[in-house]
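So you can see what is in the structure, the chains are spelled out below.
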Amino acid sequence: MTQARSEYRGQIHQRQKELMLKWYERLDQAARTGTPPTAAMMISGNCVELLEGFGAVPLYPEINALQMAIRHQSLEPILVAEELGYAADNCAYVKADIGAWLKGLTPAEGKLPVPSLVLCNFVGCNTYIKWFEHVAELQGAPLYMLDVPFLRTDEPSRADIDYVVRQLQEVVTRLEEITGRKFDLDRFRQAVRCSSRVEELWSEIKHLAKRAPSPFDAYFDAITLMGPLYVYRATPEGVEFFEVALKEMQEKAAQQQGLFDREKFRVVIEGPPPYPYFRTFRDMFAKWKACAVASTYSTVGGLWEFGARHDPEQPFEAVALHMLAQNVTNRNYLQRYEQIRRYIEEWNADGLIIHFVKSCRLFSAGQGDMRDYFTKTLGIPTLYLESDLEDPRYFAEAQTRNRIDAYFEAMEHQHLTRSHQEAR
């Protein structure tokens, strides 16, 4: 079987590129002139709506790190960080970001600013506490540690919501002091309203993947949409982008256009991709005409396909609820099991791919038990792979390809056997 490639390129890809370049231009402007104000945040449970109340721009170290990885530029800053003393098994995102800062490397041509505020919106990943402490120390930027309680029950308690709301209001006061700008409540409400609309559009796009063939890959193509989702979610540009994306996907679905001439396998993927080998990894699935119809990684910044939305009538509470409950990293493992089970059943998937990330204990811890649950308890064909999302040294191409080939060969055999039995 020859190695196949599948690369869907639509107008959303060009528009995404334009928006992300514009974002880096604004960051470069902030680095050169000190305006607009910026805040470094993590993707999971980000409160980008709050920044809109100041006309401030989010700065996501994770996006910068993954951009360097996908451009094969991550190893150099990782080695710089290790020479500084970071351990080999530390989060590779952290090492790439810290090393890049020390070396003056950026994923774009421009500069990155010293953030007006390092806002550690800690949800689920305790590595971020030390990461953001180091960022603040190295860059001489003020730090605010926003403590978001882990979701311990099905829904957050009233006390948890109030606790986060009070901290968000403290952040407002802190940003007013730092930027000299008055918080604009109406602009904040409008930002929350934009987010609600984007979440609705993004959810409709994801539900289109229930169709066979799926008009897009909900893992690899979803990553194209995730940049604008996190940077522009609370803006009219974000709404416009996702309206275009939904229209494009609806047109493909109406014409029954899938990724391949015939969609052979539908899978759910758990875990982030190996960004340094993104193209290679995608082609390994394309070879078997396998399409990801859902993914947990696309819910790191927000879990909206099951109905959650920001409420503009209660903007602070809406942001708090999003941070507490509506992103996959702040939820417990049983809730992630249920999320994946629903994907497999409702999106009509054939199997599950689990990508274990060596340097990310938050996302990967317990995935061995997850494999056993889906394989042995639910009878779902499950493939377990190991590499890294940022460090190219952990990707064994031949071994990964062999395991993916063996997985789909076995699944193909099962399909043929079942067809023969049904034909008798």
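Going by the structure above, here's the rest.
Residues numbered from 1 in each chain as written. Predicted model: local features only at pLDDT ≥ 70, side-chain atom pairs only at ≥ 80, totals over all residues. Heavy atoms only, no water.

**Points about the overall build of the protein chain**
Argument step 1. In terms of helices and strands, the protein chain carries 16 helices and eight strands.
Argument step 2. Relative to the 2.2 N^0.38 estimate, which gives 22 Å for 424 residues, the radius of gyration of the protein chain is 21 Å and therefore close to what a compact globule would have.
Argument step 3. By its C-alpha atoms, the protein chain is 75 × 50 × 40 Å across when sized along the principal axes.
Argument step 4. A separation threshold of at least 6 residues defines the contact pool for the protein chain, and within that pool the share at least 24 residues apart is 81%.
Argument step 5. By element, 48% of the accessible surface of the protein chain is carried by carbon and sulfur atoms, the whole surface being about 17400 Å². (Helix = DSSP H or I, 4+ residues; strand = E, 2+ residues; numbered from the N terminus. Rg over C-alpha atoms; globule rule 2.2 N^0.38 Å. Contact = heavy atoms within 4.5 Å. Areas by Shrake-Rupley, 256 points an atom, 1.4 Å probe, with all protein chains shown as cover.)

**A short note on the pattern of salt bridges**
Argument step 1. Here the structure, examined in full by the defined rule, presents 31 salt bridges.
Argument step 2. Lysine 358 serves as the salt-bridge partner of glutamate 386, at 3.3 Å between the closest nitrogen and oxygen. Taken together, the residues glutamate 386 in strand β8 (residues 382-387) and lysine 358 in the loop between β7 (351-357) and α14 (361-364) connect sequence positions 28 residues apart.
Argument step 3. Looking at glutamate 386, the relative accessible area reads 38%, which means it is partly exposed.
Argument step 4. Connected via shared salt-bridge partners are Glu82, Lys95, Asp391 and Arg393. (Salt bridge = Lys/Arg side-chain N within 4 Å of Asp/Glu carboxyl O. Buried < 20%, exposed > 50% of the residue type's maximum accessible area, 1.4 Å probe, protein only.)

**Description of the packing of aromatic side chains**
Argument step 1. As enumerated under the stated definition, the model contains 31 aromatic pairs in all.
Argument step 2. Note on tryptophan 288 and phenylalanine 408: the rings are 6.1 Å apart at their centroids and 25° apart in plane angle, and the pair reads as stacked. Remark: phenylalanine 408 occurs in helix α16 (residues 397-423) and tryptophan 288 occurs in the loop between α11 (278-286) and β6 (290-295); sequence separation between them is 120 residues. For the pair formed by tryptophan 288 and phenylalanine 408, the shared burial category is buried.
Argument step 3. With 5.1 Å between their ring centres and 75° between their planes, tyrosine 407 and phenylalanine 408 make a pair best called edge-to-face. Taken as a pair, tyrosine 407 and phenylalanine 408 share a single burial class, namely buried.
Argument step 4. These aromatic residues form a ring-pair network of at least three members: Tyr219, Phe220, Phe265, Tyr275, Phe278, Phe281, Phe285, Trp288, Tyr297, Tyr407 and Phe408.
Argument step 5. A cation over a ring is seen here: lysine 210 above tryptophan 347, with NZ or CZ 4.5 Å from the ring centre. (Phe/Tyr/Trp six-rings, centres within 6.5 Å; stacked < 30°, edge-to-face > 60°. Lys NZ or Arg CZ within 6 Å of the ring centre and 35° of its normal.)

**Things to note about a nonpolar patch on the surface**
Argument step 1. A grouping of Leu84, Trp101, Leu102, Val114 and Leu138 is seen on the molecular surface, where their side chains present a nonpolar patch of about 430 Å² in accessible area.
Argument step 2. Mapping leucine 138 onto the fold places it in helix α6 (residues 127-139).
Argument step 3. Residue classification places leucine 138 among the partly exposed positions, given a relative accessible area of 38%. (Patch = residues over 30% accessible without salt bridge, like charges linked within 9 Å, V, L, I, M, F, W, Y side chains within 5 Å.)

**Observations regarding the sheet that holds strand β5 (residues 265-270)**
Argument step 1. Read from one edge to the other, the open sheet built from four strands follows the order β6-β5-β7-β8, with strand pairing classed as parallel. Where the open sheet ends on each side, the last strands, each with one partner, are β6 and β8. The sheet shows a mean angle of 30° between the axes of neighbouring strands, direction not considered.
Argument step 2. Across four bridges, β5 lies against β7 in parallel orientation. Across the sheet, residue isoleucine 269 finds its bridge partner in β7, namely isoleucine 353.
Argument step 3. Contacting β5, β6, β7 and β8, α16 crosses the sheet at an angle of about 175° to β8. (Pairing = 2+ DSSP bridges. Axes fitted to C-alpha atoms, helices over the stretch in contact; angles between N-to-C directions.)

**Some words on the environment of leucine 59**
Argument step 1. Examined against the element boundaries, leucine 59 turns out to sit in strand β2 (residues 57-59).
Argument step 2. Look past the residues within four positions of leucine 59 in its chain and what remains in contact with it is Trp23, Leu27, Ala39, Ala40, Met41, Asn64, Leu112, Pro113 and Pro115.

**Some remarks on the side chain of arginine 336**
Argument step 1. By the secondary structure assignment, arginine 336 is in helix α13 (residues 333-346).
Argument step 2. What makes arginine 336 buried here is its relative accessible area of 5%.
Argument step 3. The residues touching arginine 336, leaving out its near neighbours within four places in the chain, are Glu270, Thr296, Val328, Leu362, Phe363, Gln367 and Met370.

**Examining the nonpolar core**
Argument step 1. In terms of nonpolar packing, the biggest core is built from 138 residues, with Trp23, Tyr93 and Leu168 touching the most fellow members.
Argument step 2. Counting residues per element, this core draws most heavily on helix α8 (residues 185-208), which supplies nine residues. (Core = buried A, V, L, I, M, F, W, Y, C linked by side-chain atoms within 4.5 Å.)

Distances and angles like these do not, on their own, reveal function.
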